[in-house]
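# Descriptive structure summary
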Amino acid sequence: MSKILSINGKSYTVDVQDDMPLLWAIRDIIGLTGTKFGCGVAQCGACSILIDGKLIKSCSMPVSYAVGKEIFTIEGSSENLEFLRQAWNDVNVPQCGYCQSGQLIAATSLLDTVQNPTDKDINDAMSGNICRCGTYTRIRKAIYKAVELKNQAT
Amino acid sequence: MSKIQQINRRDFVKLFGLASGGILLGCNLSSDKKEFIPQIEGVFTPNLFIHLEKNGNVTLIASRSEMGQGIRTSLASAIADEMEADWKYVSVKQATGNAKYGNQNTDGSRSVRTILEPMRKMGAAAKMMLITAAAKKWNIQKVDCKAENHFVINTLTNDKISFGNLVDEAKKIDVPLEETIQLKKVKDFKYIGKTLKSVDLKDFTHGTATYGIDVRIPNLKFAAIARCPVTFGTVKAVDTSDAEKTAGVEKVIELDRIVPPVGKFFGALGGVAVIANNTWSAFQGKLNLNIEWNYGENHAFNSEDFQKKLRKRVRQKGKLVIGSSGNINTAFTKSEKVIEATYQVPFLVHAPMEVPNATAWFQENKIEIWAPLQDPQTARAELAHFFEIPIKSITVNVTFLGGGFGRKSKSDFVVEAVALSKKINAPVQVVWTREDDIKHSFYHATSVQYLKGGLDNNGQVLGWLQRVGFPSIISSFKPMSDYASGLELNQGFTNNPYKISNFQLENIRAESNLRIGWLRSVVHIHSGFGNNSFVDELASTAKIDPVQLHLNLIGKDRVVKGKSKFPYDSKRMKEVLKSTAKMSNWGQSLPENHGIGVAIHYSFYSYVATAVEVSVNNGKVKVENVWTTIDCGLALNKDNIRNQLEGAAIFGMSIALYGKISTKEGAVEQNNFFDYQMTRIKDAPKIHVAIMDKMHEPPTGVGEPGVPVIAPAICNAIFNAIGKRVRSLPLIDEGMV
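Basis of the calculations
Residues numbered from 1 in each chain as written. Chains lettered and ligands numbered in written order. Predicted model: local features only at pLDDT ≥ 70, side-chain atom pairs only at ≥ 80, totals over all residues. Heavy atoms only, no water. Helix = DSSP H or I, 4+ residues; strand = E, 2+ residues; numbered from the N terminus. Buried < 20%, exposed > 50% of the residue type's maximum accessible area, 1.4 Å probe, protein only. Contact = heavy atoms within 4.5 Å. Polar contact = N/O pair within 3.5 Å; in protein donor to acceptor, adjacent residues only side chain to side chain. Salt bridge = Lys/Arg side-chain N within 4 Å of Asp/Glu carboxyl O. Axes fitted to C-alpha atoms, helices over the stretch in contact; angles between N-to-C directions. Parallel < 35°, antiparallel > 145°, perpendicular 65-115°, else oblique. Left-handed = near helix turned anticlockwise from the far one by under 90°. Nonpolar A, V, L, I, M, F, W, Y, C, P; charged D, E, K, R; others polar. Domains from an automatic or database assignment. Buried area = accessible area lost by both parts, 1.4 Å probe.

### Here we look at the environment of Q504(B)
All names here are of chain B. Position of Q504 relative to the elements: it lies in strand β26 (residues 502–507). Taking relative accessible area as the criterion, Q504 reaches 13% and is therefore assigned buried. With near-sequence residues (within four places) excluded, Q504 lies in contact with K317, L320, S324, I328, W464, L465 and Q466. There is a polar contact of 2.7 Å between the side chain of Q504 and the side chain of E506.

Pasting the structure below:
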């Protein structure tokens, strides 16, 4: 069945079953491969996206849920995501890089909702995302750095 | 160790040879395996690793796989430093799997250790040719020229000419003889020993890095494979009707097991493959298969029973291992106190964030694959063997690896993809589900160790008996290999960092009923846990500070030369321990319910000492601080090394707290991240890393040496905090997480 998905401000028509998880529609049908598959059961956060600004694990959310809503992925751009990208760069966060799409999206969601996050805010917001390389120390540092960059800019 | 051959220009083809430690980089004129460096108009390609364009852009080739260890940046920085290339013009391209690049096997923490010098020589040779070209142009002597930051400078006039403007002239210059190549002195390094950020940061933060699973080619099909829950079981009967009815599914195919020849390769498990037009449909189709299995001889394998068996066996004498010394019986008789302990590590799985996957296209007489591979040459050789295609007709494209940890050294998933592509006559991407990854891996072996130690009145360790049993990696290549190999025991057992006059090591029989592989740090995980836990027990028995007992056991300064060019230097072991003790304020009083533990280990020729502070509240452990010092000789990229050690602490924590694979009736019981858990950011401690300044020593391993110390340091800290001794991992099984 044909549906229209809006991703990062662009419309895509997809012809898939209603229950196909968004992750696979985005990766295999639309071809945006920045959003990653990690577990398929909403345990690792590699597939994190925003839907109408809300943090969603796309491996476990059917396509039908997103129809008529705005999807935001790592291929997109927002003020907070750009500060985070800059901070990720300054702190040299990634190792293999695979989970970092999801980490950045989860961190974007955090900064979208909390202006000056504490350690606890970071733990609460980011504990759904696994980094097997173990870059957590740097992720935490980079989130603080992004806040600092943002506060300097405004 | 390296030889560069002088080669004259011939037409548009230039040959270049550099043999290093028996491996061939480029081409050797005397060999019949000639490889040609394609000469492109307007591009200076002095060797296989450097492309300099007229606009000044330099592309450097990374021959080793990038799996998070930062190798693309590190190797490129070494070439660029010697070449005097300006880093801002440098980009990095990944080599395909091809013997012309030398050994590409990316494991064993060996890339920098083995090819730093050849890479530096590549850069230095290019610099010499650029200088020669400029001298010719200016009609002056080479000694009156120097290269600096992408320019050659005429030191008589201070005129300068950019590297890009020397391309045409440099193309006419012969490759210098190896003995004429001079490498920089440490004080002149610009990039080596400094901090360079990953060249791939932009791609990593924009979702544009292409991992194996992101490969998309026209008409690509997607495949999921149902494999027997029991290792090497086969399909008895299959009803494919429900699977075939699944939306998006195009075909269901039975895949026979591909058995590797004895001694090499990995083969493939076989099973039933579902081909679909997208990944999810393939996964769904797989769930809809109704398969009856022949479980085969591994059906009876119950890991808990097996560990019980090992715990019994270590109470009996095992096979004496060469390297034992003195007489432990006399030592124990003389001892004031004798203690014994048994330690256990479970089976573990790598679980890299990117699951195993491969894209393959089998066409009549050629194969092309795209895959996240640590060892692309073995994959290529394996494909040539199984599919009877000449190796030169097989192209292995190495993508980014979303983590490797040893799993992606094994190319079974590539063999599956090629077998399916051949059957369906179309390009296909095989994607493992996370459950497939957890249930059908090449597992890190479980181990049981029995230790017995004797102490005299002064807390001197008189005797040390160690019996160790774990299924051998060799069993994956040679069935019936029921004892650990010498190579495995030489990972921290026969070569522990201590000097003990009465030392006996015994090898205990341990058969394999799972595919056994290697996981980051490999056997050092066992030896690091056993050795460091036991030293801590000896220290508490003797009422000696554990740091002091480690120092006593390491003993006087001594250098032990082995077969490699990296001797063990006990002084360096003591230095890292002292550094960590200082950094962690070892000996200071801690808050209530807090404890501190220490562990040291020598692995991949690097020296590591780690202290861990934990707090234990209501029986639950929280890791508060990790202090690690490494001596890895020349430190190529400092911030990258820190990142590796921070990651190693987290990886080691996952082993200590959660890691456990168990089997019942031959089948792995764990499924996904909910029952094979990982350390998360909420559990992450503060991590403090120190790197010894040893820039004049050869570089040694970095990716793995930080792991083996973590679990024992945590368990020793728990003992320090609450007096409870944990001898069996993981802590979650002790109810402590």
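### A look at the pattern of salt bridges
Following the criterion strictly, the structure yields 49 salt bridges over all chains and no others. We note a salt bridge from R138(A) to E646(B), for which the minimum N-O separation is 2.7 Å. Remark: E646(B) occurs in helix α16 (residues 638–657) and R138(A) occurs in helix α6 (residues 136–153); the pair is interchain, linking two chains. Owing to a relative accessible area of 5%, R138(A) belongs among the buried residues under this scheme. Residue class for E646(B) comes out buried when judged on its relative accessible area of 8%. Put simply, K408(B) and E354(B) hold a salt bridge, and the shortest N to O gap is 3.0 Å. Of the two residues, K408(B) is situated in the loop between β22 (394–398) and α10 (412–424) and E354(B) in the loop between β19 (337–345) and β20 (357–363); the sequence distance between them amounts to 54 residues. By relative accessible area, which is 0% here, K408(B) ends up buried.

### Observations concerning the packing of helix α13 (residues 524–542) of chain B against helix α14 (residues 546–554) of chain B
All names here are of chain B. Viewed as axis vectors pointing N to C, α13 and α14 meet at an angle of 110°, and their least axial separation amounts to 9 Å. The angle between the axes of α13 and α14 places the two elements in the roughly perpendicular class. For α13 against α14, the interelement crossing comes out right-handed. Contacts from N532, V535, D536, L538 and A539 of α13 reach α14 at P546, L549, H550 and L553. Each residue belonging to the contact of α13 with α14 can be placed in one class, and the counts come to six nonpolar, two polar and one charged.

### A short note on the domain arrangement of chain B
All names here are of chain B. Domain boundaries assigned for chain B yield domain 1 (2–192), domain 2 (212–296 + 356–431) and domain 3 (303–349 + 443–734). Each of domain 1 and domain 3 has a C-alpha centre, and the two are 41 Å apart. If you look at the interface, domain 1 gives 17 residues, while domain 3 gives 18 residues. Here domain 1 and domain 3 share an interface that buries about 1,400 Å² over both sides, 61% of which is from carbon and sulfur atoms. By the criterion of area lost to domain 3, the three top residues of domain 1 are S109, R113 and V186, representing 42% of everything that side buries. Taken together, the links from domain 1 to domain 3 amount to zero salt bridges. Counting across the domain 1 and domain 3 interface gives five residue pairs in polar contact (both at pLDDT 80 or more). Every element with two or more residues in the side of domain 1 that touches domain 3 is listed here: α1 (71–83) and α2 (111–138). Counted by class, the side of domain 1 that touches domain 3 contains seven nonpolar, eight polar and two charged residues.

### Comments concerning the domain arrangement of chain A
All names here are of chain A. Structurally, chain A comprises domain 1 (2–72) and domain 2 (79–153). Here the C-alpha centroids of domain 1 and domain 2 sit 21 Å apart. The interface of domain 1 with domain 2 comprises 13 residues on the first partner and twelve residues on the second. Both faces combined, the contact of domain 1 with domain 2 buries some 1,000 Å², and carbon together with sulfur accounts for 61% of it. Where domain 1 meets domain 2, there are zero salt bridges. The tally of links between domain 1 and domain 2 comes to five residue pairs in polar contact (both at pLDDT 80 or more). Those elements that provide at least two residues to the side of domain 1 that touches domain 2 are β3 (48–51) and β4 (54–57).

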